[in-house]
Amino acid sequence: MTAFRAHVSPENRAVPLAAAGEFAPLQLGGLKVDPPVVLAPMAGVTNYPFRSVCREFGAGLYVSEMISARGYLNGHRLTRLLASSQPGERPRSVQIYATDPKDVSEMARSLVDSGVDHLDMNFGCPVPKVTRHGGGSAIPLKKKLLAKIVAAGVAGAGAVPFTIKVRKGIDDELLTFLDAGRIAQEEGAAAIGLHARTAAQLYSGEADWSAIAALKSSVSIPVLGNGDIWESFDALRMMRTTGCDGVIVGRGCLGRPWLFAELAAVFAGREPDVPPNLRRVVAIMEDHARRLIDFFGPEVGMRQMRKWCSWYTKGFRNSSVVRESLVRVASIEDMLAALRTLDLDEPFPMAALRAPRGKTGRQNSVALPHGYLATLDDDTPPDESAIGDDAESFEGSLSGG
Ligand SMILES: Cc1cc2nc3c(=O)[nH]c(=O)nc-3n(C[C@H](O)[C@H](O)[C@H](O)COP(=O)(O)O)c2cc1C
């Protein structure tokens, strides 16, 4: 067994590395993504600082968190900041959240003018506040509206590839992903990403990779598989068992950005380096905190860093003891002082490999607008004015997909 295999979970110990030529690069219109690995859009998480940390570890497509079109078009400061990037971020990718085709095309055009290389559109948000108004994962139930939104996004994006990301559906009775795939293809989307859970499942249970395989066999545009990639070998297993064209990695990289180095290695047919020990993790945390401070300023940057402290230290011995102080840290020095009380030579804990970070969530019934199922042919965009359009209310309440 290689050194790395001792650090993977038993189900992945015997998974073969990618053979030469086994997996093609992911082709999104004119954009080539090699290895075929995409960082999942995650609200409150995939801002420029985290994307830049991930990119240091390996190539791929690093998508922004979902950005509210109304907040963006109304010029809200935080929304604009979250949609922004820094020179050198290439390819640059932004996920749009909207319900009105007009907003989607206008935002897509504006982002293309600002230099984005890829646009994704969120049709998976399961949050009650959103679905209750007919937004997020409720939209694919209305096929005509979905088609209009995708067509508007594709038109606004012009030569830039425009993709969509969906869930399997509302619940097991109301599955929408196969129709969404057909519509995405007909309206010119460059790919479709599938989070293989229903909205009712939130983040609970196991992702149903068989749905990814079913979608792959029903469309000719590329299919991106998403759900439960915790380790690099999970990505190879997902590609092999579903035939999908690329993978979207969400919670598995929270506090583990080196997962992208491991993914790059296994796709290139190499055994990855062993995961970092705590000393090295602390160095990555310090770098991440500096990037957050540069981007958000010292106060907001360190406030953001607090949740990362929990994720980075998850599973390390005695980390629960220092977590009390880590969730309150106000400076990098405080953070390092708390971390130095731990055994910095401790290897990365196996138990932390498949431990969900960010969201778990129990099964839930999905709130839809009153009488929604009787009006599925109606392609009028839902009225979402009850939902705040600035990033603060948006991020706090709408995160998810
Ligand atoms: C904290 C958090 C925020 C999320 N925000 C978004 C989002 O803004 N847009 C989106 O399409 N999905 C969002 N998601 C869903 C992820 O993109 C992904 O589909 C989901 O986590 C499943 O992948 P995983 O099992 O690899 O985590 C979010 C997930 C988490 C954990």
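Relevant structure appears above.
Residues numbered from 1 in each chain as written. Predicted model: local features only at pLDDT ≥ 70, side-chain atom pairs only at ≥ 80, totals over all residues.

**Student:** Let's hear about the packing of helix α9 (residues 232–242) against helix α10 (residues 259–267): which residues, and what values?
**Tutor:** Two elements in contact, α9 and α10, have axes whose closest approach is 8 Å; the angle formed by their N-to-C orientations is 50 degrees. In terms of orientation, α9 and α10 fall into the oblique class. Our pair here, α9 against α10, has a crossing hand that is right-handed. Judged by residue contacts, Ser232, Phe233, Ala235 and Leu236 of α9 engage Leu259, Glu262, Leu263 and Val266 from α10. Of the residues assigned to the contact of α9 with α10, the class counts are six nonpolar, one polar and one charged. (Axes fitted to C-alpha atoms, helices over the stretch in contact; angles between N-to-C directions. Helix = DSSP H or I, 4+ residues; strand = E, 2+ residues; numbered from the N terminus. Parallel < 35°, antiparallel > 145°, perpendicular 65-115°, else oblique. Left-handed = near helix turned anticlockwise from the far one by under 90°. Contact = placed C-beta atoms within 7 Å. Nonpolar A, V, L, I, M, F, W, Y, C, P; charged D, E, K, R; others polar.)

**Student:** Go over the nonpolar core, please, and point to the residues and values.
**Tutor:** Core analysis: the biggest nonpolar cluster contains 93 residues, and Val38, Ile96, Leu119, Ile192 and Val247 have the highest contact counts within it. If one sorts the elements of this core by residue count, helix α6 (residues 143–157) sits on top with seven residues. Apart from the residues lying within four places of it in its own chain, the contact partners of Leu119 are Val94, Ile96, Ala108, Leu111, Gly153, Ala157, Val160 and Phe162. By size, the runner-up hydrophobic cluster in this structure holds 18 residues, among which are Phe296, Met305, Tyr312 and Val329. (Core = buried A, V, L, I, M, F, W, Y, C linked by C-beta atoms within 7 Å. Buried ≥ 20, exposed ≤ 12 C-beta atoms within 10 Å, placed from the backbone.)

**Student:** Residue-level account of the sheet that holds strand β3 (residues 37–39), with values.
**Tutor:** If you trace the eight strands once around the closed barrel, you get β3-β4-β5-β6-β7-β8-β9-β10, paired in parallel fashion. The sheet shows a mean angle of 30 degrees between the axes of neighbouring strands, taken without regard to direction. Of the pairings in the sheet, the one linking strand β4 (residues 61–68) to strand β5 (residues 93–97) comprises four bridges and is parallel in character. Considered in β5, the bridge of Met66 is made with Gln95. Of the strands in this sheet, β6 (118–123) and β7 (162–169) touch α6, which is tilted by about 155 degrees from β7. Seen against the sheet, helix α7 (residues 177–186) touches β6, β7 and β8 (191–198) and runs at an angle of roughly 165 degrees to β7. (Pairing = 2+ DSSP bridges.)

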